[in-house]
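One letter stands for each residue in the lines below.
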Amino acid sequence: MNRLEQKRNRKSRRVERVRHAIKPKTPRARLVVNRSNKYIHCQVVDDLAGKTLAAASTAEKGFSKRGKNKECAAALGAVIAERALAKGIKQVVLDRRGLIYHGRVAALADAAREKGLEF
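Participant: Describe in detail the pairing of strand S3 (residues 51-57), supporting the description with residues and values.
Facilitator: With six bridges connecting them, strand S2 (residues 40-46) and S3 associate as antiparallel partners. Within the sheet, the bridge partner assigned to aspartate 46 lies in S3 and is lysine 51.

This is how it looks when you write it as structure tokens:
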């Protein structure tokens, strides 16, 4: 097994561990955060219905801030919170998909909390 396969294996185990911890707890919607080198994507997912309820990304055309830093993540957190609240979703569970709760992920979550989402 080469280093890349080992890295992917570790990441998939972290993803499953986080998902296993949050799924059976409550029937709340999940706020899924995905981070790439260039963009940050997030969406609110209803697992019972199997549908995406709200989504936002820094790659959208109308997104005011561009880039990959914490300020963009905070702006994205505010946008996703507004979109979720507009759909009537107030309580969510953060699914960080194996990412460390630090930097851009933490900035996005904190901004979403400030705008009214409850974690």
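Let's pick the thread back up.
Participant: Outline the sheet that holds S3, listing residues and values.
Facilitator: Across the sheet, which stays open at both edges, the four strands sit in the order S3-S2-S1-S4 with mixed pairing between neighbours. Each edge of the open sheet carries a strand with a single partner, namely S3 and strand S4 (92-95). Pairwise comparison of adjacent strand axes, ignoring direction, gives a mean angle of 20° for this sheet. Against the sheet, helix H1 (residues 3-22) touches strand S1 (29-35) and S4, its axis set at about 165° to S4.

Participant: Quick one: what's the story with the packing of helix H2 (residues 70-86) against helix H3 (residues 104-114), residue by residue and with numbers?
Facilitator: Where H2 contacts H3, the two axes come as close as 7 Å, and the packing angle between them is 35°. For the pair H2 and H3, the sense of crossing is right-handed. Across the interface between the two elements, Lys70, Ala73, Ala74, Leu76, Gly77, Ala78 and Ala81 of H2 pack against Arg104, Ala107, Leu108, Ala111 and Ala112 of H3. Taken together, the residues of the contact of H2 with H3 sort by class into nine nonpolar, one polar and two charged.

Participant: Requested: an account of the pairing of S4, with residues and values cited.
Facilitator: With burial as the criterion, each face of S4 is covered, one bearing Val92 and Leu94 and the other bearing Val93 and Asp95. Bridging between S1 and S4 involves four bridges; their strand directions are parallel. The residue of S4 that forms the bridge with valine 32 is aspartate 95.

Participant: Give a detailed account of the nonpolar core, specifying residues and quantitative values.
Facilitator: If you look at the biggest cluster of nonpolar residues, it comprises 24 residues, and the most contacted ones within it are Leu31, Cys42, Val44, Leu76, Ile80, Val92 and Leu108. At the level of secondary structure, the elements contributing two or more residues to this core comprise S1, S2, S3, H2, S4 and H3. Apart from residues lying up to four places away in sequence, valine 44 is in contact with Ala29, Arg30, Leu31, Lys51, Thr52, Leu53, Ala54, Ile80, Ala84, Ile89 and Val92.

Participant: Please provide a residue-by-residue account of H1, values included.
Facilitator: Taking 1.5 Å of rise per residue, the 20 residues of H1 would be expected to cover 28 Å, and the 29 Å separating its terminal C-alpha atoms lies within 8% of that figure. Along H1, the residues classified as buried are Val15, Val18 and Ile22. The buried residues of H1 occupy an angular sector of 70° when projected down its axis, which confines them to one face. Facing away from the buried surface of H1 by more than 90 degrees, the exposed residues are Glu16, Arg17 and His20.

About the cut-offs
- Residues numbered from 1 in each chain as written.
- Predicted model: local features only at pLDDT ≥ 70, side-chain atom pairs only at ≥ 80, totals over all residues.
- Heavy atoms only, no water.
- Pairing = 2+ DSSP bridges.
- Helix = DSSP H or I, 4+ residues; strand = E, 2+ residues; numbered from the N terminus.
- Axes fitted to C-alpha atoms, helices over the stretch in contact; angles between N-to-C directions.
- Contact = heavy atoms within 4.5 Å.
- Left-handed = near helix turned anticlockwise from the far one by under 90°.
- Nonpolar A, V, L, I, M, F, W, Y, C, P; charged D, E, K, R; others polar.
- Buried < 20%, exposed > 50% of the residue type's maximum accessible area, 1.4 Å probe, protein only.
- Core = buried A, V, L, I, M, F, W, Y, C linked by side-chain atoms within 4.5 Å.
- Expected span 1.5 Å × (residues − 1).
- Arc of directions from axis to C-beta.

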